[in-house]
Amino acid sequence: MIKLVAVDVDDTLLNSQGKILESSREAITKAISKNVKVVLCSGRPYAGVKKFIDELALNNNNQYVITFNGAVIETGLHVKLLEKCLSAKTYEVIDKFSQKNKVFYNIVNADSQIITSNLNVGRITVTQAWEKMPDY
């Protein structure tokens, strides 16, 4: 008996246009009807998968999502169960390295906020900020 199904979001759940594959939608709906836990897994933050959580009716505390490549585990209603993020000390090391070597960087925190001390943000930071924006 299957009790849990974990599904990667990009290139598995979604087609090349970023839409949920109909076959995936049907399989997930069927799994939920049989009381199977469905876990969306992604390198994205919660805000980057919220739209799909809602579309698949996973927006409750009985379904789960793993974001940031496993660093954050939470319910479909954004209740954090586990969070393994960078410490403030590690952030300071990254920041000092960035300033010393004139390298652009950004960090996305568990609340989907982009953090950087670079005043002249690079193109990649702007692109990532756009990609992480929620659709709601």
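Calculation notes
Residues numbered from 1 in each chain as written. Predicted model: local features only at pLDDT ≥ 70, side-chain atom pairs only at ≥ 80, totals over all residues. Heavy atoms only, no water. Buried < 20%, exposed > 50% of the residue type's maximum accessible area, 1.4 Å probe, protein only. Helix = DSSP H or I, 4+ residues; strand = E, 2+ residues; numbered from the N terminus. Pairing = 2+ DSSP bridges. Right-handed = clockwise from strand over helix to strand, strands pointing away. Lys, Arg positive; Asp, Glu negative; His and termini not counted. Salt bridge = Lys/Arg side-chain N within 4 Å of Asp/Glu carboxyl O. Polar contact = N/O pair within 3.5 Å; in protein donor to acceptor, adjacent residues only side chain to side chain. Contact = heavy atoms within 4.5 Å. pLDDT = per-residue confidence, 0-100. Axes fitted to C-alpha atoms, helices over the stretch in contact; angles between N-to-C directions. Patch = residues over 30% accessible without salt bridge, like charges linked within 9 Å, V, L, I, M, F, W, Y side chains within 5 Å. Areas by Shrake-Rupley, 256 points an atom, 1.4 Å probe, with all protein chains shown as cover.

Colleague: I'd like a rundown of the pairing of strand E2 (residues 37-41), residues and numbers included.
Modeller: Across the five residues of E2, four count as buried, placing the element largely inside the fold. Sheet topology note: the strand E1 (residues 4-8)/E2 ladder contains five bridges and is parallel. Residue pairing in the sheet places Asp 8 in a bridge with Cys 41 of E2. Two elements, E2 and strand E3 (residues 64-67), share three bridges in a ladder whose sense is parallel. Considered in E3, the bridge of Leu 40 is made with Val 65. Handedness of the crossover is the feature at issue here: the chain leaves E2, passes through helix H3 (residues 46-55), returns alongside E3, and the resulting connection is right-handed.

Colleague: Quick rundown of the side chain of Glu 74? Include the residues and the values.
Modeller: Here Glu 74 is to be found in strand E4 (residues 72-75). Lys 80 provides the closest opposite charge to the buried, salt-bridge-free Glu 74, at an N-O distance of 4.9 Å. Here the side chain of Glu 74 touches His 78 through a polar contact of 2.5 Å, side chain to side chain. Setting aside residues up to four positions removed in sequence, Glu 74 forms contacts with Tyr 46, Gln 63, Tyr 64, Val 65, Thr 67, Val 79, Lys 80 and Leu 81.

Colleague: Tell me what's going on with the confidence of the model for the protein chain, and back it up with residues and numbers.
Modeller: Mean pLDDT for the protein chain: 86, with 86% of residues reaching 70 or above. The weakest mean pLDDT in the protein chain belongs to helix H5 (residues 123-132) at 64; the strongest belongs to E2 at 96.

Colleague: I'd like a description of the sheet that holds strand E5 (residues 80-83), backed by residues and values.
Modeller: Neighbouring strands of a sheet are bound in pairs by backbone hydrogen bonds; such pairs are parallel or else antiparallel. Strand order in the open sheet made by the five strands is E1-E2-E3-E4-E5, with mixed pairing throughout. In this open sheet, the two edge strands, each paired with only one partner strand, are E1 and E5. Averaged over all pairs of adjacent strands, the angle between strand axes in this sheet comes to 15 degrees, irrespective of strand direction. Sheet strands touched by H3: E2, E3 and E4. Its angle to E3, the strand with the most contacts, is close to 150 degrees.

Colleague: Got a sec to walk through a nonpolar patch on the surface? Specific residues and values, please.
Modeller: Residues Leu 77, Val 79, Leu 81 and Leu 82 make up a contiguous nonpolar surface patch of about 340 Å² in total accessible area. Take Val 79: it is sitting in the loop between E4 and E5. Assessed through its relative accessible area of 38%, Val 79 is described here as partly exposed.

Colleague: Provide a residue-level description of the pattern of salt bridges, including the pertinent values.
Modeller: One pass over the structure, following the stated rule, counts four salt bridges. Glu 55 is the partner of Arg 25 in a salt bridge, and the nearest nitrogen-oxygen pair spans 3.3 Å. With Arg 25 in helix H2 (residues 22-33) and Glu 55 in helix H3, the pair connects residues that are 30 residues apart, well separated along the chain. Under the relative-accessibility criterion, Arg 25 is labelled partly exposed at 22%.

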